[in-house]
Amino acid sequence: MRVLGFMTGTSLDACDMAILETDGDAITAFGPAGERKLTEETRELALAATEAALKWERGTPEPEVFAAAAAAVAKEHFEAAEGFLAQNKLGWANIDLMGMHGQTVLHERPQEGRVGRTVQLGDAQRLADAAGVPVAYDFRTADVAAGGEGAPLAPIYHLARARAAGMAAPLAILNVGGVANITFWAGGEDIAAFDTGPGNGMIDQLMQSRGAGRYDPDGKYASVGQVDETMLTGLLAHPYFQAPPPKSLDRYDFSLEPLERLRLEDAAATLVAFTAEAVKLAFGVMGGSPTELVVCGGGRHNPVMMQAFAERLSVPVTTAEDHGWRGDSIEAEAFAYLAARTVRGLPISFPKTTGVAAPMTGGRVAQPAG
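This write-up is about the structure you can find in this document. (Residues numbered from 1 in each chain as written. Predicted model: local features only at pLDDT ≥ 70, side-chain atom pairs only at ≥ 80, totals over all residues. Heavy atoms only, no water.)

## Things to note about the overall build of the protein
Line of reasoning, step 1. Helix and strand counts for the protein stand at ten helices and 13 strands.
Line of reasoning, step 2. Relative to the compact-globule value of 21 Å for 370 residues, the protein shows a C-alpha radius of gyration of 19 Å, a close match.
Line of reasoning, step 3. Here the C-alpha coordinates of the protein stretch approximately 60 × 45 × 45 Å along the principal axes.
Line of reasoning, step 4. Taken across its 370 residues, the protein has 56% of its residues classed as buried.
Line of reasoning, step 5. Across the protein, contacts joining residues at least 24 apart in sequence account for 68% of those joining residues at least 6 apart.
Line of reasoning, step 6. Of the roughly 14800 Å² of accessible surface on the protein, 51% is carried by carbon and sulfur atoms.
Line of reasoning, step 7. Separation between the mean location of the 30 positive side-chain charges and that of the 46 negative ones in the protein comes to 1 Å. (Helix = DSSP H or I, 4+ residues; strand = E, 2+ residues; numbered from the N terminus. Rg over C-alpha atoms; globule rule 2.2 N^0.38 Å. Buried < 20%, exposed > 50% of the residue type's maximum accessible area, 1.4 Å probe, protein only. Contact = heavy atoms within 4.5 Å. Areas by Shrake-Rupley, 256 points an atom, 1.4 Å probe, with all protein chains shown as cover. Lys, Arg positive; Asp, Glu negative; His and termini not counted. Charge placed at Lys NZ, Arg CZ, Asp CG, Glu CD.)

Shown next, in the form of structure tokens:
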């Protein structure tokens, strides 16, 4: 199948797109990849939906803004894909299937006696009808309902991608988005994964809360700041880091409040170190170090963060591009791959990735009307 995958992250920056030719097992070809920045209207609706989700009490009707945001996300995906396909001299007739992750506005990990909650907004039926192409979506809900974390879901794709590149285990793949997550491949089909801690999300929130922009471009502020090691130790005392994997995070699980007394530059530098030290703790949880750490996602564009990984971790650190991967497109590729697995009824989550009791399928498929 030729599958178009989409990803919009919690940074609310862009709609990432990538095409794979795959049967949900092997990857036979990598098609084009690209992105389109989100419109301000969609960003504002997604932010409003996120704020409403944080106040949403269990057992009550979902916030009204969800429907409007879901429609806006679907429209955004369709328009982004129209331009992307045209730019690459393709049309909807060339696409067999789409995989839409949707915009995450809520992710609550399960607690004792209570399943988690996860919400990704995107009107898949609207997208399918507009494009005339089936859409696989809602990849996390079934896992959460079965007692899993609902995240991370990319590990099975990380394994396929590493194999397609001819790489060897033991290997670790770190995706630094709003939250950072890691996949450990020990060999064969043995993969384990969990969210390590904050990625770019806390730094973005810091910048926005101080009126310094939406993010820290190229680590501009962090590069001239000093890490407050006492503050860092306090951040790493969060109970999340003592919890055994599998485990997952929402970008709002850590508070900026302790950093308020630091000047912006020092707070940014401390948060970069926090991301790196959380990855170091992840290596300790797994009881060993891989021969290499491959970094994907937006965080690899931050030279201060990459330097922190190199200095604070005891393994060689490389980027996705060092292996011929498209580092900005890994998650969009992953949801193309997961879409193919969904329509074939193949498992997308596993005991050592999300904590479900057995490998399980997930996702739903919206068929175009008519």
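## Things to note about the environment of A154
Line of reasoning, step 1. Locating A154 in the fold gives a position in the loop between helix 4 (141-145) and helix 5 (155-164).
Line of reasoning, step 2. The class of A154 is buried, set by a relative accessible area of 12%.
Line of reasoning, step 3. Separated by 27 residues in sequence, A154 and N181 place their C-alpha atoms 9.2 Å apart.

## Details of the packing of aromatic side chains
Line of reasoning, step 1. Taken as a whole and judged by the stated rule, the model has ten aromatic pairs.
Line of reasoning, step 2. Between F139 and F335, the ring centres sit 5.3 Å apart and the planes meet at 55 degrees, which makes this aromatic pair tilted. A residue pair is termed long-range when its members are at least 10 positions apart, and F139 in the loop between strand 7 (135-137) and helix 4 and F335 in helix 10 (residues 330-344) qualify at 196 residues.
Line of reasoning, step 3. Look at F335 and you get buried, because its relative accessible area is 2%.
Line of reasoning, step 4. Judged by centre distance (5.8 Å) and plane angle (70 degrees), the rings of F241 and F274 are edge-to-face. With F241 in the loop between helix 7 (229-235) and helix 8 (264-286) and F274 in helix 8, the pair connects residues that are 33 residues apart, well separated along the chain.
Line of reasoning, step 5. A residue is classified by how much of its surface remains accessible, and F274, at 0% relative accessible area, is buried.
Line of reasoning, step 6. Taken together, the aromatic side chains of Y240, F241, F254 and F274 make up a single cluster linked through ring pairs.
Line of reasoning, step 7. The cationic tip of R117 hangs over the ring face of W56; the distance from NZ or CZ to the ring centre is 4.8 Å.
Line of reasoning, step 8. Positioned above the aromatic ring of Y240 is the side chain of K247, whose terminal nitrogen or guanidinium carbon lies 4.5 Å from the ring centre. (Phe/Tyr/Trp six-rings, centres within 6.5 Å; stacked < 30°, edge-to-face > 60°. Lys NZ or Arg CZ within 6 Å of the ring centre and 35° of its normal.)

## Some details on the pattern of salt bridges
Line of reasoning, step 1. Evaluation of the coordinates by the stated rule reveals 23 salt bridges.
Line of reasoning, step 2. Between D266 and R263 there is a salt bridge, and its shortest N-O distance comes to 3.1 Å.
Line of reasoning, step 3. When its relative accessible area of 44% is taken as the criterion, R263 is described as partly exposed.
Line of reasoning, step 4. Because the salt bridges share partners, they merge into one network encompassing D13, E35, K37 and R214. (Salt bridge = Lys/Arg side-chain N within 4 Å of Asp/Glu carboxyl O.)

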